[in-house]
Amino acid sequence: MTTAPLLVVVGATGTGKSDLAIRIAEALAERGEQGEIVNADAMQLYRGMDIGTAKVTGSERRGIPHHLFDVLDVTEEASVAAYQPAARAAIEEVAARGAVPILVGGSGLYVSSVIYDFRFPARDRAVRARLEAELDERGPGLLFARLRELDPATAVKVDPANGRRIVRALEIAELDERGHGAALPEAPRLWHPALVFGLSTPRELLVTRLDARVDGMWAAGLLDEVAGLRGDGIELGVTAARAIGYAQALAQLRGELDEPAAIAQTQALTRRYARRQVSWFKRYEGAEWLDTEATTAGHRARIALARLDEWRSRSASARVTAPATTSS
């Protein structure tokens with residue numbers, strides 16, 4: 001990969017990450033450069049999962065190349081271990097063309113897997129299947145208690161309600177592997193130079209917007225979208241069927257929830273997910289946080305480009321002042 005930095009846009013759901021990434025790419029184009037966007041939202045990897053993931057449409061992309069959207073069938077498992085090399089390859093291809101790669105998304109572990117240099121422990125399908133069956137039958141509580149016994153250091157970093165992360169951590173523990181577990185390493189090193197921009201919206205305002213966003217998803221036809229995905233086998237999928245909003249829409253279609261309950265449950269889970277995202281990304285050292293209410297979208301894009309220019313200037317100066325090497 002070239003020495004150009006990777007631009008990264010993170011933040012809670014509903015803060016305008018996709019819009020900022022597109023605006024940065026457009027601002028680059030205005031001065032004769034090209035920016036290309038690489039997805040770091042686990043659920044936007046899926047074909048057909050559009051309304052419930054707030055995926056940007058073709059027209060909304062405004063001609064900006066987008067990568068790693070719509071690459072999985074809903075029956076396939078979304079895996080961060082598989083995502084990492086695919087995302088890094090896409091970023092390297094973008095940079096090799098002389099364009100600026102822009103990583104955007106709110107899936108914390110997916111973003112971290114790209115920008116930080118760490119490896120993934122081994123997998124065992126039989127162990128995973130057994131643990132997932134236990135999760136479906138008994139819920140996350142007992143599995144989390146077991147994780148605290150087997151690997152208390154990892155347990156304190158895992159959300160007790162996040163069944164998939166608990167299963168992964170238990171899988172690693174049972175294989176007697178040690179590493180980052182299901183969380184970010186304590187002192188991660190960057191894979192490649194990166195400029196990270198976090199979007200911050202006041203909590204009270206974000207909650208109001210998120211609740212309205214969920215209402216809007218049902219109004220926009222989420223139930224019809226999910227009904228269509230049932231024909232594609234979404235209920236057979238390990239990850240897609242558990243996505244926030246999709247799990248509740250499926251429950252409504254099966255008659256297990258009425259619409260108000262499905263919407264209310266989705267709103268509550270979305271609010272909790274947003275809190276976890278903020279907590280995760282706040283740990284990123286060196287990230288520059290941009291208040292969505294104190295700055296305009298255009299201003300935020302200009303800030304990102306200014307930081308890119310500053311990085312390039314420092315890099316150029318360092319190359320000029322670096323002492324020449326001589327051979328004896």
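Anyway, here's the lowdown on the structure attached to this text. Residue numbers here run from 1 along each chain, matching the order of that chain's written sequence. Per-residue local features are limited, in this predicted model, to residues with pLDDT of at least 70; the limit for side-chain atom pairs, both in listing and counting, is 80 or more; totals at the level of whole chains, interfaces and linings are taken over all residues. To get the side-chain values, all heavy atoms of the structure are used, and hydrogens and water are removed first.

**Some thoughts on unusual backbone geometry**
Even without being glycine, Ala54 reaches a positive phi, approximately 55°. Inspection of the secondary structure assignment puts Ala54 in the loop between strand S2 (35–39) and strand S3 (66–67). Partly exposed describes any residue whose relative accessible area lies between the buried limit of under 20% and the exposed limit of over 50%, with all areas from a 1.4 Å probe on protein chains only and scaled to the type maximum. Looking at Ala54, the relative accessible area reads 29%, which means it is partly exposed. The backbone of Leu68 sits at a positive phi, close to 65°, despite the residue not being glycine. Runs of H or I in DSSP of at least four residues are treated as helices and runs of E of at least two as strands, each being numbered from the N terminus. Within the secondary structure layout, Leu68 lies in the loop between S3 and helix H2 (80–96).

**Here we look at the packing of aromatic side chains**
Aromatic rings from Phe, Tyr and Trp, taking only the six-membered ring of Trp, are treated as a pair when their centres fall within 6.5 Å; an angle between ring planes under 30 degrees marks them as stacked, one over 60 as edge-to-face, and anything in between as tilted. Here the structure, examined in full by the defined rule, presents three aromatic pairs. Taking 4.9 Å as the distance between ring centres and 50° as the angle between the ring planes, the aromatic pair formed by Tyr83 and Tyr110 counts as tilted. Highlighted residues: Tyr83 in helix H2 and Tyr110 in helix H3 (residues 108–115), separated in sequence by 27 residues. In terms of burial, Tyr83 and Tyr110 fall into one category: buried. Taken together through their ring pairs, the aromatic side chains of Tyr116, Phe281 and Tyr284 make up a single cluster. In this scheme, Lys NZ or Arg CZ marks a charge over a ring once it lies within 6 Å of the ring centre and within 35 degrees of the ring normal. If you follow Arg61 out to its NZ or CZ, it ends over the ring of Phe69, 4.9 Å from the centre. Geometry around Trp280 places Arg283 over its ring, the cationic atom sitting 4.4 Å from the centre.

**Looking at the pairing of strand S5 (residues 194–200)**
Most of S5 sits inside the fold, with six of its seven residues counted as buried. A pair of strands is labelled paired if DSSP reports no fewer than 2 bridges between them. The pairing of strand S1 (residues 6–11) with S5 spans six bridges and is parallel. In the strand pairing of S5, Val8 is matched with Val196.

**Structural notes on the sheet that holds S3**
Reading across from one edge, S3-S2-S4-S1-S5-S6 is the order of the six strands in this open sheet, with parallel pairing throughout. Only two strands of the sheet have a single neighbouring strand rather than two, namely S3 and strand S6 (288–291). Pairing between S2 and strand S4 (residues 100–104): five bridges, direction parallel. Paired with Val38 across the two strands is Leu103, which belongs to S4. Residue contacts are counted whenever heavy atoms from the two residues lie within 4.5 Å of one another. Interaxial angle, 0 to 180 degrees, is taken between N-to-C directions of lines fitted to C-alpha atoms, where a helix line uses only the stretch in contact. Each of S1, S2, S3, S4 and S5 is contacted by helix H1 (residues 17–30), which is oriented at about 170° to S4, the strand it contacts most. Sheet strands touched by H3: S1, S4 and S5. Its angle to S1, the strand with the most contacts, is close to 160°.

**A closer look at empty space enclosed by the protein**
For cavity detection a 1 Å grid was placed over the protein atoms alone, and a set of points counts as a cavity when a 1.4 Å probe fits there but cannot get out; an open set counts as a pocket when protein lies on both sides within 12 Å along at least five of seven lines, with lining residues being those that have an atom within 4 Å of a point. Grid points are joined across faces, edges and corners, and a volume is the space filled by probe spheres set on the points. Scanning the model with the defined rule gives one cavity of 30 Å³ or more in all. Quantified by volume, the largest cavity comes out at close to 40 Å³. Considering the residues around the largest cavity, the lining is formed by Ser18, Ala21, Ile22, Ile37, Val56, His66, Phe69 and Val104. For the lining of the largest cavity, the leading source of residues is H1, giving three residues.

**Digging into the nonpolar core**
Of all hydrophobic cores here, the largest spans 48 residues; its most connected members are Val8, Met49, Tyr83, Leu103, Val111, Ile115 and Tyr284. Elements that contribute at least two residues to this core include exactly S1, H2, H3, S5, helix H8 (203–219), helix H9 (222–231), helix H10 (246–253) and helix H11 (259–281). If we ignore the near neighbours within four places in the chain, the residues touching Val111 are Val8, Val10, Ala40, Leu103, Gly105, Phe281 and Tyr284. The set of buried Ala, Val, Leu, Ile, Met, Phe, Trp, Tyr and Cys residues whose side-chain atoms join them within 4.5 Å is what this entry labels a nonpolar core. With 26 residues, the next largest nonpolar core counts Ala21, Ile22, Ile37 and Leu195 among its residues.

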